[in-house]
Amino acid sequence: MLNHLSIENIAVIEKAEIDFSKGLNVLTGETGAGKSIVVDSINAVLGERTSKELVRHGAESAFVSAVFEDVGSEVQSKLTEFDLADEDGALIISRKISAQGKSTCRVNGYPCTASMLREISASLVNIHGQHDSQALLNPDAHYHFIDMLCDSENPLEEYKAAFRRLVTVRKKLKELTADADDKDRQLELLSYEIKELTDADIKVGEREELKKRRAVIMNSQSVVNAVNAVLSALSGDDESSGIETLCATAVREAESVASVSGELTALYNKLNELADVSESVKDIAESALDSADYSEAELERIEERLDLLYRLSAKYGESEEDMLSYLENAENRRSSIVNSDEEIVKLSSEYDTAYEDTVEKAKALSAYRQETAKRFEKDVKAQLEYLDMPKIQFTVSFDRGNLSSNGFDKIEFLISTNPGEPPKPLAKIASGGELSRIMLAIKNILAGRDSVQTLIFDEIDTGVSGRASRKIGLRLKNTAEHTQVICVTHSAQIASCADNHLLITKQFENGRTYTYVSSLDFEERKRELARIMGGIEITDTLLKSAEELLKGED
């Protein structure tokens, strides 16, 4: 329910803090004091269209915020859907409107769009004014009222389940009955993709193994290059002699003079040792070269395979698993298209069965609704008679339309305001006051079943006599036992039924107009009711009549 409303710079209201309570909240005040501005402010904070004209003259912007408590599951579901839910379950909505007409909305401190705000607030508040009865003026919404009165949800749930099955089969059938050219194009593309992936013979983990093998081979190449350089230094080449040749030459030269002295003999011996070491080093290098794991051809094959896998992964999925999954799906799709004729026959049969089942469920739902509608008509007529509208005939019209998620019923509320006149749609003949009372009657019947937590009636007493006003007040109070009700009224009879009476007053200060909202105690309520009932002066007689109204003495 709406717990608190804060208004800043909206029309003549510079600043107002309004606390609402459970039950029936009534707003009264002189004409032009700003009662309708409070309703406009609530409309604004619920996401309805606003304009810069709403901003108080001279102010840069206007601001409205509303605090709701004990919000229902439908609202909580929407908050969760939009990621706007509060951990404490609270709901604070605010809207700022600039003097240029731009506005910003926030829910629990998070920014949101006006359309999101309207979705959230749809189950929070219903506002019914002289020219605005929302759902009553929209025949497409009338079935909701009937469904809320149904004692069992089974017929509706069974129908919705059947309709979902029908839609699923119809979608599959539509996909399969695509034109032949499109099928040929799909088959050609699928066959190409399947061949490309099949020829590639992809193995899970293959790419990682190839990368490891490539690293080994590339390291081996470095070893081969180094050992070849060693062998070149030992053996020499066409341009220069290697260590081995130079050692042999040095041995021959030393051998020719080795006998001359002991020192030269030692030189010869050392050179012989060096030649032996050179030979041994060469053997080691050649052995290392033979054992090196390097193949340029293998490296080339690995690079080509990795390149192929990278190209395929760009088209069919990052990993081998993704590519193989794509292959499996492509094969299934091709098989489905190839076997589509058989599948179409099968699905056509399933569709016929599902359609017949859905129609049967729709008939059962329609019969259940019509039975409920008869009780609804009777109850609405009784409520309207109590509200001094005995001549109005209320009828629920049923017509058959196309199957939809809500059945095939086209339900519309019709009324006849004069005996002998045929019933016609509400929107065409009902006045604002009549619409408000009809909505009050319906809400009273639906008390405890409607998910909307706050009802606002703006001047429901328009064109209504004192006796009827009293009955409207009592009905509002009765409805308020289950749903919070806020009512803007000029009727003392309605105001006397309030659980929380709020007075809106207008004052002139320093050449500006200011509006104030205050909650009244018993004595203050007496004076306000006397003002509404009386003329220029508030007399003792008026005060006594007001007191009788407050005490329920009719």
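Our subject is the structure that appears above.
Quick look at the structure, then. (Residues numbered from 1 in each chain as written. Predicted model: local features only at pLDDT ≥ 70, side-chain atom pairs only at ≥ 80, totals over all residues. Heavy atoms only, no water.)

1. Focus on the pattern of salt bridges
- Under the counting rule described, the total for this entry stands at 23 salt bridges.
- Ionic pairing is found between Lys195 and Asp199, a salt bridge with its closest N-O pair at 2.7 Å. Taken together, the residues span about one helical turn, with Lys195 and Asp199 both in helix α6 (residues 180-200) at a distance of 4 residues.
- When its relative accessible area of 52% is taken as the criterion, Lys195 is described as exposed.
- Classification of Asp199 by relative accessible area gives exposed; the value is 52%. (Salt bridge = Lys/Arg side-chain N within 4 Å of Asp/Glu carboxyl O. Helix = DSSP H or I, 4+ residues; strand = E, 2+ residues; numbered from the N terminus. Buried < 20%, exposed > 50% of the residue type's maximum accessible area, 1.4 Å probe, protein only.)

2. Considerations on the packing of aromatic side chains
- Throughout the structure, instances matching the rule amount to 7 aromatic pairs.
- Summarising the aromatic geometry, the rings of Phe145 and Phe413 are spaced 5.8 Å apart at their centres and angled 45 degrees between planes, so their arrangement reads as tilted. Of the two residues, Phe145 sits in helix α4 (residues 142-149) while Phe413 sits in strand β10 (residues 407-416), which places them 268 residues apart along the sequence.
- Residue classification places Phe145 among the buried residues on the basis of a relative accessible area of 5%.
- A centroid spacing of 5.5 Å and a plane angle of 45 degrees characterise the contact between Phe376 and Phe413, whose relative ring orientation is tilted. Here the residue Phe376 occupies a position in helix α12 (residues 340-386), and Phe413 occupies one in strand β10, the gap between them amounting to 37 residues. Here Phe376 matches Phe413 in class, with each residue buried.
- Following the ring pairs from residue to residue traces out a cluster consisting of Phe145, Phe376, Phe394 and Phe413.
- When the ring centre of Tyr310 is taken as origin, the NZ or CZ atom of Arg207, which lies over that ring, is 5.2 Å away.
- When the ring centre of Tyr386 is taken as origin, the NZ or CZ atom of Lys471, which lies over that ring, is 5.2 Å away. (Phe/Tyr/Trp six-rings, centres within 6.5 Å; stacked < 30°, edge-to-face > 60°. Lys NZ or Arg CZ within 6 Å of the ring centre and 35° of its normal.)

3. Focus on the environment of Asn138
- Considering the arrangement of structural elements, one finds Asn138 in the loop between β8 (125-128) and α4.
- With relative accessibility at 34%, the residue Asn138 sits in the partly exposed group.
- Taking the C-alpha atoms as reference, Asn138 lies 8.1 Å from Ala427; in sequence the two are 289 residues apart.

4. Focus: the nonpolar core
- Core analysis: the biggest nonpolar cluster contains 50 residues, and Phe376, Phe394, Phe413, Ile438, Ile442, Phe457 and Leu476 have the highest contact counts within it.
- Of all the elements, helix α14 (residues 432-445) adds the most residues to this core, at 7 residues.
- Formed by 47 residues, the second largest nonpolar core is a distinct cluster that contains Ile13, Ala16, Phe20 and Val488. (Core = buried A, V, L, I, M, F, W, Y, C linked by side-chain atoms within 4.5 Å.)

5. Points about the side chain of Ser496
- Following the sequence through the fold, Ser496 ends up in the loop between α16 (492-495) and β14 (500-509).
- Residue classification places Ser496 among the buried positions, given a relative accessible area of 6%.
- Ignoring anything within four residues of it in the chain, the contact list for Ser496 reads Arg470, Arg525, Leu529, Leu549 and Leu550. (Contact = heavy atoms within 4.5 Å.)

This is a description of form; function is not addressed.
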